[in-house]
Amino acid sequence: MLEGRYNRAADAVLGAQKIAWAKAHMPVLRRIAERFRRERPFSGERVSIALHLEAKTAYLAQVIAEGGAEVTISGSNPLSTQDDVAHALAQSGVRVYAERGVDPETYFELLADNLKTRPTLLIDDGGDLVKLLHAEFADLADEVIGGAEETTTGITRIKALKREGRLRFPMIAVNDAQMKHLFDNRYGTGQSVLDGLMRTTNLTVAGKTVVVAGYGWCGKGVALRAHGMGANVVVTEIDPVKAIEAHMDGHRVMTMYEAAAVGDVFITVTGGYHIIGAEHMSRMKDGAMLANAGHFDVEIDLPALRAMSVAASDVRPNVTAYRLADGRTLYVLAEGRLLNLAGADGHPAEIMDMTFALQALALEYLVQKKREGAPLTPGLYPVPEAIDRRVAEMKLEALNITIDRPTAEQADYATRWA
Ligand code: ADE
């Protein structure tokens, strides 16, 4: 058994069942795995992964390992690792450094242990692995062929590294592929955040005023699904175009200051900082619930809430009640961390099937370019269009959906100006 660090007391049998269920619903990734087993595109490579370690992620790690890589994995958030899955994954031969509920210091220690394996390829979600490599393991950077980043937040951080001229290897922006954000960010986040809200609270969504902060692809999905469940949706935005989009989609649009007074549930999905602050919490209704679906736990100003509170207690798993001096109680879900992963199982498997197919093929592309003698230079790259399209085609085939092809006449017509 490989060395690693994870909760060995967790139920590996349950973890293995969860992985098997995810795999059964990820046909595109299964098909890629089949090819990887034959072709071994990653033989000789060491792959470090930092992703939310739940069942779909575990299957991705196994697929990369089946492609011949030595794989090491850590979580990408202190509260999203599922210990049973981590244990089962370690038993299957992937080196695991991940445990649920660790403090931030330990979380980074686990990422550091991961990097000590001297990776040649990376998969990151949120940018912590790439940040740590640049900050504390810079001597390893020359060995890195490249990496792939899953989220908007991670890509924002890579852009900042690049702007400062400090990015040391190529990174592929998986989030920006169509087959990622159009489905994962919108429908994945939409469904899994509502799942997290319902599992965490066991309360109705219908009839509640749900305030969604941020109308990017993730916010659109949350608003769409909350509306579908019968909520009155309010959207807050700073981008005038997105605000109009939200308005045209049928949601009420207002400032957070206005929304604070009417909301029953607040969900931040902005990727920003202190979107809900003391000035908002001081206006909220007694019993209002605050949750976050952005990558980091900084969207709700929790230090301000603690300072305003006279008492705090856990009233249900993942629900903390803050009693304020004026007698009101505000509830924070999942400590303000990603509600869909800390309070549920993350996106549905059929959606992560597409996202993780892109991740697997992006890594293969990086290796191919190197082996062709044309390695990518340090920078941020899109997923090649051919890969995006191929994932769409494989998904359609898996869904047994056939689409039309243009006739020669139609193709010709589309090229004419007159
Ligand atoms: N499962 C694994 N990674 C995930 C992500 N980034 N979002 C939602 N669910 C996930």
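So, a few notes on the structure that sits alongside this text. Everything quoted here is computed from the prediction, not taken from an experiment. Counting restarts for each chain, with residues numbered from 1 along the sequence as it is written. A pLDDT threshold of at least 70 governs which residues receive local features in this predicted model, and a stricter bar of 80 or more applies before side-chain atom pairs are shown or counted, although totals over entire chains, interfaces and linings include all residues. To get the side-chain values, all heavy atoms of the structure are used, and hydrogens and water are removed first.

**What to know about the sheet that holds strand β13 (residues 319-324)**
Criterion used throughout: strands pair if DSSP finds at least two bridges between them. A run of DSSP states H or I qualifies as a helix once it reaches four residues; a run of E qualifies as a strand once it reaches two. Both are numbered from the N-terminal end. A sheet is described by the order of its strands in space; here eight strands give the open sequence β9-β8-β7-β10-β11-β14-β13-β12, paired in mixed fashion. Whereas interior strands pair on both sides, the edge strands pair on one side only; in this sheet they are β9 (252-253) and β12 (309-316). When β13 meets strand β14 (residues 329-333), the two strands line up antiparallel, connected through five bridges. Paired with Tyr 322 across the bridge in β14 is Leu 330.

**Notes on the nonpolar core**
For this analysis, a nonpolar core means a set of buried residues of the types Ala, Val, Leu, Ile, Met, Phe, Trp, Tyr and Cys, connected via side-chain atoms within 4.5 Å. Residue burial is assigned from relative accessible area. The probe radius is 1.4 Å, only protein chains are included, and a residue is buried under 20% of its type maximum, exposed over 50%, and partly exposed in between. Residues Leu 53, Ile 64, Val 96 and Leu 363 are the most contacted members of the largest nonpolar core, which totals 58 residues. Counting residues per element, this core draws most heavily on helix α15 (residues 349-371), which supplies 13 residues. Here, two residues are considered to be in contact whenever any of their heavy atoms come within 4.5 Å of each other. Leave out the neighbours within four places in its chain, and Ile 64 touches Phe 42, Val 47, Ala 69, Val 71, Ile 123, Ala 360 and Leu 363.

**Points about the site of the ligand**
The environment of the ligand is made up of His 52, Glu 54, Thr 57, Asp 125, Glu 150, Leu 341, Gly 346, His 347, Met 352 and Phe 356. Think of a polar contact as two N or O atoms within 3.5 Å of one another; within protein, one of them needs to be a possible hydrogen donor and the other a possible acceptor, and neighboring residues in sequence only count if both atoms come from side chains. Between a nitrogen atom of the ligand and a side-chain N or O atom of Asp 125, the distance comes to 2.9 Å. Take His 347: an N or O atom from its main chain is 3.0 Å from a nitrogen atom of the ligand. Summarising the interface, the protein chains cover 94% of the accessible area of the ligand, which totals 260 Å² for the free molecule. A majority-of-atoms criterion places the ligand in the largest pocket. Residues are grouped as follows: Ala, Val, Leu, Ile, Met, Phe, Trp, Tyr, Cys and Pro are nonpolar; Asp, Glu, Lys and Arg are charged; every other residue, Gly included, is polar. In terms of residue class, the shell around the ligand is made up of three nonpolar, four polar and three charged. A cutoff of 4 Å decides nearness: a residue is near a molecule or strand if any of its heavy atoms lies inside that distance of it. Exposure was quantified through the Shrake-Rupley algorithm and a 1.4 Å probe, taking into account, for residues, occlusion by the shown protein chains and nothing else. In this analysis, the protein atoms alone were mapped onto a 1 Å grid. Cavities are point sets where a 1.4 Å probe fits without being able to get out; pockets are open sets with protein on both sides within 12 Å along at least five of seven lines; lining residues have an atom within 4 Å of a point. Assignment to a cavity or pocket requires that more than half of a molecule's atoms be within 2 Å of the site's grid points.

**With respect to the layout of surface pockets**
Grid points are joined across faces, edges and corners, and a volume is the space filled by probe spheres set on the points. The calculated volume of the largest pocket comes to roughly 980 Å³. Breaking the lining of the largest pocket down by element, the ones donating at least two residues are α7 (152-163), α8 (178-201), α9 (217-228), α14 (339-342) and α15. The element that contributes the greatest number of residues to the lining of the largest pocket is α8, accounting for five residues. What the second largest pocket holds in volume is close to 350 Å³. In this structure, the second largest pocket is lined by Arg 389, Arg 390, Ala 392, Glu 393, Leu 396, Glu 397, Asn 400, Ile 401, Thr 402, Ile 403, Asp 404 and Arg 405. Taken together, the residues of the lining of the second largest pocket sort by class into four nonpolar, two polar and six charged.

**A closer look at the environment of His 347**
Note on placement: His 347 falls in the loop between α14 and α15. For His 347 and Gly 190, which are 157 residues apart along the polypeptide, the C-alpha to C-alpha distance reads 8.7 Å. What His 347 contacts, discounting residues up to four positions off in sequence, is Lys 56, Asp 184, Gly 188, Thr 189, Ser 192, Asn 340 and Met 352. In this structure the side chain of His 347 is engaged in a polar contact, spanning 3.3 Å, whose partner is the backbone oxygen of Gly 188.

**What about the pairing of strand β5 (residues 146-149)?**
Burial along β5 is two-sided: Gly 146 and Ala 148 facing one way and Gly 147 and Glu 149 facing the other are all buried. For strand β4 (residues 121-124) and β5, the ladder comprises four bridges, and the chain directions are parallel. Pairing of Leu 121 across the sheet is with Gly 146, part of β5. Look down the strands so they point away from you; if going from the first strand over the helix to the second traces a clockwise path, that crossover is right-handed. In this fold, β4 hands off to helix α6 (residues 128-136), which returns the chain to β5; that crossover is right-handed. Regarding the hand of the β-α-β motif, the stretch spanning β5, α7 and strand β6 (residues 170-173) is right-handed.

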